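# Secondary and tertiary structure notes
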Amino acid sequence: MNRFANSFRLQLKVISSLIFRELRTRSGGLKLGIFAVLIEPLLVVAFFLLIFGIIKQHAAVGGLNTILFLLVGVINATLAIQSSIRSIRALDANSALFFYRPVKPIDTAIARTLLEAMIYATCFLIAWGFTCIYLDNLILDDPLALILMYLLNMLLSLSLSILSMMATRILPWSKSIIPALSRPLYLSAGVFFSAAYIPANWRPFVIWNPILHITEFSRHALYAGYPIADVSASYAIVTTLVLFGLSLALYSSASAAVSQPEG
Amino acid sequence: MTIQAVNISKSYRTKAGQKTVFENLNVTIKSGESIAILGRNGAGKSTLLRILSGIEQPDSGRVISDEKISWPVGTSSGFQGSLTARENVRFVAKIYGKSRDVNSIVQQVQEFADIGDSFDAPFRGYSSGMKARVAFGLSMAIDFSVYIMDEITAFGDADFRNKAAEAISKRQERASFLMVSHDLWGLRLHCDHAFVLEKGALTRFDSIKEAIKCHTDTLGVVNKHDVNQGMSRTEVREQRRLLSIRNKSMTKLEPEVREASN
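Rules behind the numbers
Residues numbered from 1 in each chain as written. Chains lettered and ligands numbered in written order. Predicted model: local features only at pLDDT ≥ 70, side-chain atom pairs only at ≥ 80, totals over all residues. Helix = DSSP H or I, 4+ residues; strand = E, 2+ residues; numbered from the N terminus. Buried ≥ 20, exposed ≤ 12 C-beta atoms within 10 Å, placed from the backbone. Contact = placed C-beta atoms within 7 Å. Pairing = 2+ DSSP bridges. Axes fitted to C-alpha atoms, helices over the stretch in contact; angles between N-to-C directions.

## Re the overall build of chain A
Helices and strands together make up the secondary structure of chain A, namely nine helices and two strands. Each helix and strand of chain A, ordered N terminal to C terminal, gives the series α-α-β-β-α-α-α-α-α-α-α. In terms of overall dimensions, chain A has a C-alpha envelope of 55 × 45 × 40 Å along the principal axes. Split into buried and exposed, the 263 residues of chain A put 38% on the buried side.

## Quick look at the interface of chain B and chain A
Every contact between the two is made by 18 residues of chain B and, on the other side, 16 residues of chain A. Contributing elements (two or more residues each) for the side of chain B that touches chain A: strand S1 (3-14) and helix H2 (85-96) of chain B. Tallying contributions element by element places H2(B) first for the side of chain B that touches chain A, with five residues.

## Quick word on the sheet that holds strand S2 (residues 17-29) of chain B
In a beta sheet, neighbouring strands pair by backbone hydrogen bonds and run either parallel or antiparallel. All names here are of chain B. Here we have three strands laid out as an open sheet, ordered S2-S1-S4, and antiparallel in their pairing. A single partner strand is all that each edge strand has here, and the edge strands are S2 and strand S4 (60-65). The mean inter-strand angle of the sheet, taken between neighbouring strand axes irrespective of direction, is 25°. With nine bridges joining them, S1 and S2 adopt antiparallel strand pairing. By the bridge assignment for S2, isoleucine 8 is matched with leucine 25. Running over the sheet, helix H1 (residues 45-53) touches S1, S2 and S4 and is turned about 130° from S1.

Listed below in structure tokens is the structure:
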């Protein structure tokens, strides 16, 4: 038990050091760099908002403010998909780290997911806060559900990033396939549509995507009047747990291949 | 016993096919021993060091060890080019040391490296001598039972070598050393025993003198073989010309190559 606690503590230490290192690298060592890290996701939201504003002039989707509607979609989908795409290059980018024996490939995946999750959560809070102030209305009906959905999405992101990390190492040609595969995942994630507005006979084309379920539930948590059609939390939970188990099984059976430099 | 490798084999896939580095090697390093590994370029010394340090797995066989082993300390491997030496050192200190020791480790490395303001400049701009100072200083600031050194003393000036020699002999009282170096004089100073790695086989020599003699003998044979065998004068001249063209184009390429590798 003591041994388990020790290795757990070591892993926590490694992960926290990795997060600081990654943050330092991304912010370019500048004090203002932290803003640069945050501004990128906010710009994506602003861009979608602009496009959305041009296409249709609705002030709300399903009763939920358009800014918040898009914000939830962009944050959730980008977190899940960005982490899997970043993981393709992560092994090569981090190869210097595996010189230190305590650092395992899964630590870099965990650190990256946690860091992305913190960045996107901060972005969400900033944009949500400003919107609420602007509307002079606190839009949040079920904070617990919102947090749980975000945690679920973090687990999903971690699973996807471990899976893509393993895939690129075992089958090097998948490096070019994964970004292509992530397109339909992003497009069906409900970033700019609501499942309830899709006709029932077209719904199967998007409803397989667990990110869509997480996104729709998060919107429902913000505003209880937001309609959720064919969306089930248990589907998102089961899919995530299956993917997580799959990624861990793959990792533990082939981790020796991952930590080695490409020969 | 500190490290024991039993029947380890390693091969790599290359475009030309499977290349065997070594097969069924057995190595035992006892605590307190200082061992040199000799062998010519490409003999697999660095691969062996990586396997013994535990950052790479052998294809078959096992490495058994119950001690705290360093990473293979080299000039730049393991350092992130865009971060400063201080940030790199902090990161490694956090992973290997206790959290209350981090600041003192950073300070020790800074004192040992003695590179002034450059300690807070991005690592990628350092000369190999500066990199060696930081990398070596960092490994010495952390308390390992076995230190693995890959060509670290080859770079740097006399001042650095003297400091390194001093640090090594101080540590040798408690720790084992495993060193690869082409600086044969330095090895003679620090090591009690030596292994010669040649054609995938490892031979142990109890006297470092004998090992160096064996090593230089094989090198001598290899050189003669490469340069003289069956080559006419024109062929030699042609080869030199090609080499000089390659070298020139390499120097032209160098800045970009350096950029990319960072």
